[in-house]
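Residue strings, one per chain:
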Amino acid sequence: MSTMLSLSGVTAFYGQIQALRGIDLTVEKGEIVTLIGANGAGKSTLMMTICGNPRARTGSIIYQGEDITQCAMHDIARKRIAHAPEGRRIFPRMSVEENLLMGAQVVKFADYDKQLALMFDLFPRLKERINQRGGTLSGGEQQMLAIARALMSKPDLLMLDEPSLGLAPLVVKQIFGAIRQLNRELGLTVLLVEQNAYQALRLAHRGYVLVNGAITMQGGGAELLARPEIKAAYLEGGH
Amino acid sequence: MIAYALQQLINGITLGMVYGLIAVGYTMVYGIIGMINFAHGDVFMVGAYVGIIVLTAFSGMGIAAVPVGLLVALLVSVVLCGVYGFTIERAAYRPLRGSFRLAPLISAIGMSILLENFVQTSQGAKDRAIPEPIPGGFKIMQQHGFVVQMSYMQIAIIVTTLVTLGIFTYIVTKTPLGRAMRAIEQDAKMAALLGVNTNRVISLTFVIGSALAAVAGIMFLSYYGVINFFIGFNAGIKAFTAAVLGGIGSLPGAVLGGLLIGLIEAFWSGYATIAYKDVAVYSILAIVLMFMPTGLLGRADIEKV
Ligand SMILES: Nc1ncnc2c1ncn2[C@@H]1O[C@H](COP(=O)(O)OP(=O)(O)OP(=O)(O)O)[C@@H](O)[C@H]1O
Ligand SMILES: [Mg+2]
């Protein structure tokens, strides 16, 4: 295995507030890695910092052997890092199709149809809704669209921030199934933040625990699941 | 008298088209970066001056074909104003992005004064006039000795504006650039996450808005035949009012607002008194905003996001 992404000593700030305190993290090619942590621990910030906003103040972010710490957000996206951020952020006054086209910004037009067909296989619901405005989709449909939009760029690394938020168990199962399928069949590398630590750790190869902007624990998914301190802090009633 | 009303209608639509073109520039910039570009009216003024310079050069060379001269003036003006728009954004607004809200507004007013003074010193403070570029017109009807006329120039203005708006609408609704503009308007950070170079798209928004203002400038010049360095202020305020009336941020709203203001002005001048036409315009704006605070086509955000 070779390394897809590695962070070393990354710090990030919002004004005076320090949100990340020296993060060291690696993601290997073909892996599913999950970040777990309490509200406000810095999970979303970590993902956004990889995307260049907020920028890492110190430390370095190496992606496929290239230092992207100082790259502009749009350049990072063009290196095939796709992020479906917290809160879905669907373009509300664009149709489903246009949202997907926005996701395909960075791919050649010839690949668009192929990628679109793949998305319709994964989420047939989107095909029925292709002309509906993003803002009028249901929460679950928006989440599917957010993931599909991220996937339209044929990413090498896919980051998902709480993809199951507010969704019915059946839809969650479907989305987790889709992630697993993409990972197994296409070798897609995934970095995942999930409220439901139990499901996330079961899906992931490895996990990191984030507390107050610093990583306090890491290990294989099953290994972390078995640890009593994880059980106590993150798994109570989580499944 | 129906004939008289018809004449005002034709005049109002012509004028309204010019306002609409300028208003689109205000509303576009507001939509994408949430600021009022107060220098926009002055870009329109520069557009008209570029037109007069080109037309003068043409007649100086002894070329008599005025329509050809106008067409060249239009193209040169569009290109030069595009460069102006680009430069204004780069020099006066981009460095202030992310600063406090009033900063770009003050900078815009500064830019406006700069452009006015620049034109005043380089072109003189006096009115400049051109002979009527395309004289003549159609006689549409005659009633009790009153002749309803639609001049060839009015037709040219209406057709040019419609074509320009058509191209513009196509860009905004169908091309990747237009999609990126709308995406930035709705969620700039998300657009950047998807690979949109937001700075570049914002630059192009200024270029396109300024190009539309240039078209309006040439239309204004050929319609009235007289310009001075201050026309940008008046037309700018009218067009800005049009944008607010139509719903700031809404592109069809800007055109609608422009048409309405042109019509109000024409009918008010035709039936009441020309002296108070601006009072009429702003009164109607105030009344509309009282009942529809977001303007005629502005949206109150109702979507769940
Ligand atoms: N835009 C912002 N400005 C200021 N502080 C922020 C901003 N965004 C996040 N923070 C702060 O940074 C810290 C980390 O926030 P972050 O959103 O990364 O947490 P999280 O782990 O994703 O939490 P959650 O599980 O609730 O989504 C929090 O203390 C938060 O208040
Ligand atoms: Mg979060």
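As a reminder, the structure under discussion sits directly above these lines.
The text that follows walks through the structure, step by step, so that each part is easy to find. Please read these numbers as outputs of a predicted model, since none were measured by experiment. (Residues numbered from 1 in each chain as written. Chains lettered and ligands numbered in written order. Predicted model: local features only at pLDDT ≥ 70, side-chain atom pairs only at ≥ 80, totals over all residues. Heavy atoms only, no water.)

Things to note about the overall build of chain A
Our working rule: Only runs of H or I of at least four residues qualify as helices and only runs of E of at least two qualify as strands under DSSP, and these elements are numbered from the N terminus. In this treatment the radius of gyration is a C-alpha quantity, and the globule benchmark scales as 2.2 Å times the residue count to the 0.38 power. Accessibility here uses a 1.4 Å probe with only protein chains present; expressed as a share of the type maximum, an area under 20% marks a residue as buried, one over 50% as exposed, and anything in between as partly exposed.
Along its length, chain A carries 10 helices and 10 strands. Taken over C-alpha atoms, the radius of gyration comes to 17 Å for chain A, in line with the 18 Å a tight globule of 239 residues would show. Projected onto the principal axes, the alpha-carbon positions of chain A cover approximately 45 × 40 × 35 Å. Looking at chain A as a whole, 57% of its 239 residues are labelled buried.

Some words on the side chain of Glu116(B)
Residues and elements named next belong to chain B. Rules: Asp and Glu count as negative and Lys and Arg as positive, but His and the ends of the chain are not part of the count. The salt bridge definition used is simple: a Lys or Arg side-chain nitrogen within 4 Å of an Asp or Glu carboxyl oxygen. Contact criterion: two residues are considered in contact whenever any of their non-hydrogen atoms come within 4.5 Å of each other.
As for its position among the elements, Glu-116 is in helix α4 (residues 102-123). There is no salt bridge for the buried Glu-116, and the closest opposite charge comes from Lys-238, which lies 14 Å off by N-O distance. Dropping the residues within four chain positions of it, Glu-116 is found in contact with Asp-42, Met-45, Phe-229, Phe-230 and Phe-233.

Thoughts on the site of ligand 1
All names here are of chain A. Worth spelling out the cut-off: It suffices for a single heavy atom of a residue to lie within 4 Å of a molecule or strand for the residue to be listed as near it. Here a polar contact is recorded for every N or O atom pair within 3.5 Å, except that within protein the pair must consist of a potential hydrogen donor and a potential acceptor, and residues adjacent in sequence are included only if both atoms are side-chain atoms. Here the open area of atoms and residues is found with the Shrake-Rupley method and a 1.4 Å probe, where only the protein chains shown may cover a residue. Each residue is assigned to one class: nonpolar for Ala, Val, Leu, Ile, Met, Phe, Trp, Tyr, Cys and Pro, charged for Asp, Glu, Lys and Arg, and polar for all the others, Gly among them.
Close contacts around ligand 1 come from 13 residues, with Gly-40, Lys-43, Ser-44, Thr-45 and Glu-86 the closest. Between ligand 1 and the protein, one listed contact pairs an oxygen atom with a side-chain N or O atom of Asn-39 at 2.9 Å. Contact between ligand 1 and Gly-42: an oxygen atom at 2.9 Å from a main-chain N or O atom of the residue. Relative to its unbound accessible surface of 630 Å², ligand 1 loses 61% to contact with the protein. Among the elements that take part in the shell around ligand 1, helix α1 (residues 43-50) stands out by supplying three residues, more than any other. In the shell around ligand 1, the residues fall into four nonpolar, six polar and three charged.

Quick word on helix α3 (residues 96-103) of chain A
Counting buried positions along α3(A) gives seven out of eight residues, so the element sits mostly inside the fold. Listing the buried residues of α3(A) in full gives Val96(A), Glu98(A), Asn99(A), Leu100(A), Leu101(A), Met102(A) and Gly103(A).

A closer look at the nonpolar core
Selection criterion: Put simply, a nonpolar core is a bunch of buried Ala, Val, Leu, Ile, Met, Phe, Trp, Tyr and Cys residues held in one set by side-chain atoms that sit within 4.5 Å of each other.
Residues Leu5(A), Leu7(A), Leu191(A), Phe44(B) and Tyr93(B) are the most contacted members of the largest nonpolar core, which totals 115 residues. Top element by residues in this core is helix α7 (residues 198-224) of chain B. It accounts for 13 residues. In contact with Leu5(A), not counting residues within four places along its chain, are Leu25(A), Thr26(A), Val27(A), Ile50(A), Ile61(A), Ile62(A), Tyr63(A) and Leu157(A). One finds Ile32(A), Val106(A), Leu116(A) and Leu158(A) within the second-largest nonpolar core, a separate group that totals 43 residues.

Observations concerning the interface of chain B and chain A
Note on interface size: it is often stated as the accessible area lost on association of the parts. To keep things clear, this is the line we draw: Buried surface area refers to the total accessible area, computed with a probe of radius 1.4 Å, that the two partners give up upon joining, counted for both partners together.
The partner chain A presents 27 residues to the 22 residues of chain B that form the contact. Sorting the residues of chain B by area buried against chain A places Gln186(B), Leu193(B) and Leu194(B) first, and these three jointly supply 28% of that buried surface. At the boundary of chain B and chain A, one finds three salt bridges. One salt bridge connects Arg89(A) with Asp187(B), and the closest N-O pair in it is separated by 2.8 Å. Here the side of chain B that touches chain A gets 12 residues from one element, more than from any other, and that element is helix α6 (residues 176-193) of chain B.

Looking at the coordination of the magnesium ion (ligand 2)
All names here are of chain A. Condition: Coordinating donors are taken to be N, O and S atoms lying within 2.8 Å of the metal, or within 3.2 Å when the metal is Na, K or Ca; because water is excluded from the atom set, some sites may appear incomplete.
Those donors, Ser-44 (OG) and Glu-86 (OE), are the protein atoms that reach the magnesium ion (ligand 2), and they lie 1.9 to 2.4 Å from it. Within this pair, whereas Ser-44 is found in helix α1, its partner Glu-86 is found in the loop between β6 (81-84) and α3, the two being separated by 42 residues in sequence. Relative accessible area serves as the criterion here: at 17%, Ser-44 is assigned to the buried category.

What to know about the sheet that holds β6(A)
Residue and element names in this part refer to chain A. How we decide: Strands qualify as paired when DSSP identifies two bridges or more between them. What counts as an axis is a line fitted to C-alpha atoms, over the stretch in contact for a helix, and the angles between N-to-C directions run from 0 to 180 degrees.
Taken together, the six strands give an open sheet; going across it, the order is β6-β7-β8-β3-β9-β10, and neighbouring strands pair in mixed fashion. A strand with exactly one partner marks an edge of an open sheet, and here the two such strands are β6 and β10 (214-220). The average undirected angle you get between the axes of adjacent strands in this sheet is 15°. Across four bridges, the pairing between strand β3 (residues 32-37) and strand β8 (residues 189-193) is parallel. Across the sheet, the residue bridging to Thr-34 is Leu-192, located in β8. Lying over the sheet, helix α6 (residues 139-151) contacts β6 and β7 (157-161), oriented at roughly 170° with respect to β6.

Here's the deal with the sheet that holds strand β1 (residues 3-14) of chain A
Hydrogen bonding along the main chain pairs the strands of a sheet, whether they run parallel or antiparallel. Residues and elements named next belong to chain A. Across the sheet, which stays open at both edges, the four strands sit in the order β2-β1-β4-β5 with antiparallel pairing between neighbours. The sheet is open, and its two borders are formed by β2 (17-28) and β5 (66-67), each paired with just one other strand. Strands β1, β2 and β4 (58-63) of the sheet are contacted by α1, whose axis makes an angle of about 115° with β1.

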